[in-house]
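Tertiary structure, described
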Amino acid sequence: WLFSQTKEDKLAPGSAKQYRKALAEIEKVKILPETDTLTRRRNLVYFLKNTDTILNQQINTLNKHVLEHESEILDFRADDIFYKVQGAAYSLHYILSGLAKDFQPEILDTEQYENLTTALKFLADANALSPLSVKNGSPHDIYEANHLLYLAYYLSQAQIHLQKIYYANLLKIREPQDEY
């Protein structure tokens, strides 16, 4: 990192110079012409589909671990899985917050603002879970906690609301376009 990536024997440029160069590149992108509504909606659908895939993976990870290790008295791997999935939920919360701002016209056009805020609330609730000790109790036991299932519940509720947004925007894409 100290020397230039080229085969020359000189020092690499300073970080301030690299930041200025990166900002100049970002400014070039900003001045591109605005994309049309259909392209923006397709981009939103693409992001939502990928978010749904990530949520599916995380929920499946939780459910698989619960089913395979529910009978163990001490499940030391449960806390690793819990916090890994909770980290993914944290990341998705902030990604979706950004998407909400970037795609606000498309979300409002399909009347999906309430679903978006509800999904963000469920992701925030998933992030707020803070057990002293992560328990992986049996799903059939009413007295023992199962924090993995609590987390899976919040993620699946967020997923349901995001799917509503996804399908509403997918229907808008598939509507015949008005051509004059």
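In the block above lies the structure referred to throughout.
Criteria and thresholds
Starting afresh in each chain, residues are numbered from 1 along the sequence in its written order. Local features in this predicted model are restricted to residues whose pLDDT is 70 or higher, and side-chain atom pairs enter the listing and the counts only when it is 80 or higher, whereas totals over whole chains, interfaces and linings include all residues. Hydrogens and water molecules were not included; the side-chain quantities draw on all heavy atoms of the structure. Each salt bridge in this description consists of a side-chain nitrogen of Lys or Arg and a carboxyl oxygen of Asp or Glu lying within 4 Å of one another. To qualify as a helix, a DSSP run of H or I must reach at least 4 residues; to qualify as a strand, a run of E must reach at least 2; elements of each kind are numbered from the N terminus. Working definition: with a 1.4 Å probe on protein chains only, accessible area under 20% of the residue-type maximum means buried, over 50% means exposed, and in between means partly exposed. Each aromatic pair joins two rings of Phe, Tyr and Trp (for Trp, the six-membered one) with centres within 6.5 Å, and gets the label stacked for planes under 30 degrees apart, edge-to-face for over 60, and tilted for any other angle. Structural elements are reduced to axes, namely lines fitted to C-alpha atoms, with helices fitted over the stretch in contact, and the angle between N-to-C directions of any two is expressed from 0 to 180 degrees. Should an angle lie under 35 degrees it is considered roughly parallel, over 145 roughly antiparallel, and from 65 to 115 roughly perpendicular; all remaining angles are considered oblique. Each crossing gets its hand from how the near helix is turned against the far one by less than a right angle, where anticlockwise is left-handed and clockwise is right-handed. Contacts are assigned to residue pairs with any non-hydrogen atoms lying within 4.5 Å of each other. Under the scheme applied, nonpolar residues are Ala, Val, Leu, Ile, Met, Phe, Trp, Tyr, Cys and Pro; charged residues are Asp, Glu, Lys and Arg; polar residues are all the others, including Gly. To define a nonpolar core, start from buried Ala, Val, Leu, Ile, Met, Phe, Trp, Tyr and Cys residues and group those joined through side-chain atoms within 4.5 Å. Polar contacts here mean pairs of N or O atoms no more than 3.5 Å apart (in protein, one a potential hydrogen donor and the other a potential acceptor; neighbouring residues in sequence count only if both atoms are side-chain atoms).

Once that is clear, we can look at the pattern of salt bridges. This model, assessed by the stated rule, comprises four salt bridges. In this structure, Glu-106 engages Arg-40 in a salt bridge whose closest nitrogen and oxygen atoms are separated by 2.8 Å. With Glu-106 in helix H4 (residues 104–109) and Arg-40 in helix H2 (residues 37–69), the pair connects residues that are 66 residues apart, well separated along the chain. As far as the burial class goes, Glu-106 and Arg-40 line up, both buried. The closest approach of N and O atoms between Asp-125 and Lys-121, which form a salt bridge, is 2.7 Å. Residue Asp-125 and its partner Lys-121 are located together in helix H5 (residues 113–128), separated by four residues, close to a single helical turn. Three or more residues joined by partner-sharing salt bridges are found here, namely Arg-41, Asp-109 and Lys-172.

Turning to the packing of aromatic side chains, a few remarks are in order. Under the defined criterion, the tally for this structure stands at eight aromatic pairs. With a centroid separation of 6.1 Å and an interplanar angle of 55°, the aromatic rings of Phe-47 and Phe-103 are classed as tilted. On the criterion of sequence distance, the pair formed by Phe-47 in helix H2 and Phe-103 in the loop between helix H3 (77–102) and H4 is long-range, its members being 56 residues apart. Between Phe-82 and Tyr-83, the aromatic rings sit 5.0 Å apart at their centres with planes inclined by 90°, giving edge-to-face as the arrangement.

Turning our eyes to something else, we now look at the packing of H5 against helix H6 (residues 147–174). Orientation of H5 relative to H6, taken along the N-to-C sense of each, is 165°, at an axis distance of 8 Å. Regarding the angle of H5 to H6, the classification is roughly antiparallel. Here the hand of the crossing between H5 and H6 comes out left-handed. Touching Asn-115, Leu-116, Thr-118, Ala-119, Phe-122, Leu-123, Asp-125 and Ala-126 of H5 are Leu-151, Tyr-153, Tyr-154, Leu-155, Gln-157, Ala-158, His-161, Leu-162, Lys-164 and Ile-165, all from H6. Taken together, the residues of the contact of H5 with H6 sort by class into twelve nonpolar, four polar and two charged.

Glancing now at unusual backbone geometry. Even without being a glycine, Glu-111 presents a positive backbone phi close to 55°. As for its position among the elements, Glu-111 is in the loop between H4 and H5. Given a relative accessible area of 69%, Glu-111 falls into the exposed group.

For the rest of this paragraph, the subject is the nonpolar core. Membership of the largest hydrophobic core comes to 35 residues, with the highest contact counts inside it found for Leu-48, Leu-62, Leu-96, Leu-123, Leu-151, Leu-155 and Leu-162. Every element with two or more residues in this core is listed here: H2, H3, H5 and H6. At ten residues, H6 tops the list of elements feeding residues into this core. Here Leu-155 is in contact with Leu-55, Gln-58, Ile-59, Leu-62, Val-85, Ala-89, Leu-123 and Ala-126, once residues within four sequence places are set aside.

Our focus in this paragraph is the side chain of Thr-51. Counting through the fold element by element, Thr-51 comes out in helix H2. Given a relative accessible area of 5%, Thr-51 falls into the buried group. Among the polar contacts made by the side chain of Thr-51, one reaches the main-chain carbonyl oxygen of Phe-47 at a distance of 2.8 Å. Ignoring anything within four residues of it in the chain, the contact list for Thr-51 reads Leu-92, Leu-96 and Leu-162.

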